[in-house]
Amino acid sequence: FRLAVDRLGPPQAAPPAPPWVALEPPLAVLVTVSGQVGLPIWPGDRMRIGAGMHEPGGYLNPGGWDRRRHLASLGIQAVASLDSGAMLHLATPFAMPSGSLAARWAWLELAMLRWAAQARAALLVAIERQLLGSKPELATGASTERSALLVALTLGERGPLLLVDARRDAARQPTIDAIFRAAGIFHILSVSGLHLAVAGWVCYRGLAWLLLVLVPP
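On a predicted model such as this, the values are computed, not experimentally measured, just so you know.

### Let's talk about the overall build of the chain
Piece 1. Across its full length, the chain holds six helices and five strands.
Piece 2. The helix and strand sequence of the chain, counted from the amino end, reads β-β-β-α-β-β-α-α-α-α-α.
Piece 3. For the chain, the residues scored as buried account for 19% of the 217 residues in total.
Piece 4. Partitioning the intrachain contacts of the chain with sequence separation of at least 6 by distance along the chain shows that 66% fall at a separation of at least 24.
Piece 5. With an accessible surface of roughly 15,600 Å², the chain has 64% of that area assigned to carbon and sulfur atoms.

Below you can see the structure in the form of structure tokens.
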């Protein structure tokens, strides 16, 4: 999760903070959560977590990928990790602020991200229900693999595919990841032409509807 920190509490212990971390909100912190998160977390939800922030680590290979620089390019100043039990979902309403125009515009952008995440989650549930039935735990291996591949191609959700590949690897079978890499088409599992086609269709339908509203026949 990427969290925007607006308030910091006193730490249980007070280790010296890295000089490059500005411990003054607002902060952008990349949080890794272990365990099953009970309630869904949507963009705009307010959380209270108990975790210590630290400097992003990485390998020091010359010319290799610099994780710290990559996170800095995304505007992330610190990272943290915690168990799912250390997260508290605050029951605050997601409502437009009554402040400045910039604050309301930022809220509108966040609301669009929130709607997109909820629509994506609903589509994921619909696809799995269509292919796996009402009891996914009873689905066959072939059905599970088809469902995992479909949600990876259409929604970019690779979590089910990673679980399928772990089972295939344990059974000493070639993973779907390896099959796509060997065929030279691994890129369609992340950013596929289907995504661009769907985005183009949505833009076309939206503009067509807008023209019908603004320019009556």
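### Comments concerning a nonpolar patch on the surface
Piece 1. Together, Leu207, Trp209, Leu210, Leu211, Val213, Leu214 and Val215 make up a nonpolar patch on the protein surface, roughly 750 Å² of accessible area in all.
Piece 2. The topology assignment puts Val213 in helix H6 (residues 193-214).

### Side note on helix H5 (residues 176-183)
Piece 1. Taken residue by residue, H5 has Ile176, Asp177 and Phe180 as its buried positions. Buried residues of H5, seen end-on, are gathered within an arc of 105° and therefore sit on one face of the element. Set apart from the buried face of H5 by more than 90 degrees, the exposed residues are Arg181 and Ala182.
Piece 2. Just downstream of H5 lies Gly184, where phi reads positive at about 75°.

### Focus: the nonpolar core
Piece 1. Leu3, Val5, Leu27, Val29, Val31, Val33, Ile41, Met47, Ala80, Leu82 and Met87 form the largest nonpolar core, which has eleven residues in total.
Piece 2. Of all the elements in the fold, those that place two or more residues in this core are strand S1 (2-5), strand S2 (27-34) and strand S4 (78-83).
Piece 3. Sorting elements by how many residues they give to this core places S2 first, with four residues.

### Topic: the environment of Gly35
Piece 1. The topology assignment puts Gly35 in the loop between S2 and strand S3 (46-49).
Piece 2. On the accessibility criterion, Gly35 (57% relative accessible area) is exposed.
Piece 3. Separated by 49 residues in sequence, Gly35 and Ser84 place their C-alpha atoms 5.5 Å apart.

### So, helix H4 (residues 159-170)
The α-helix advances 3.6 residues per turn, and as a result positions three or four apart in sequence lie on the same side.
Piece 1. For H4, built from twelve residues, the straight-helix expectation of 16 Å at 1.5 Å per residue is met to within 8% by its first-to-last C-alpha distance of 17 Å.
Piece 2. Restricting attention to buried positions, one finds in H4 the residues Leu161, Val164, Asp165 and Arg168. The buried residues of H4 occupy an angular sector of 100° when projected down its axis, which confines them to one face. Along H4, the residues that are exposed and aim more than 90 degrees away from the buried face are Leu162, Leu163 and Ala170.
Piece 3. Among the residues trailing H4, Arg172 stands out with phi positive, at a value near 60°.

Conventions and cut-offs
Residues numbered from 1 in each chain as written. Predicted model: local features only at pLDDT ≥ 70, side-chain atom pairs only at ≥ 80, totals over all residues. Heavy atoms only, no water. Helix = DSSP H or I, 4+ residues; strand = E, 2+ residues; numbered from the N terminus. Buried < 20%, exposed > 50% of the residue type's maximum accessible area, 1.4 Å probe, protein only. Contact = heavy atoms within 4.5 Å. Areas by Shrake-Rupley, 256 points an atom, 1.4 Å probe, with all protein chains shown as cover. Patch = residues over 30% accessible without salt bridge, like charges linked within 9 Å, V, L, I, M, F, W, Y side chains within 5 Å. Salt bridge = Lys/Arg side-chain N within 4 Å of Asp/Glu carboxyl O. Arc of directions from axis to C-beta. Core = buried A, V, L, I, M, F, W, Y, C linked by side-chain atoms within 4.5 Å. Expected span 1.5 Å × (residues − 1).

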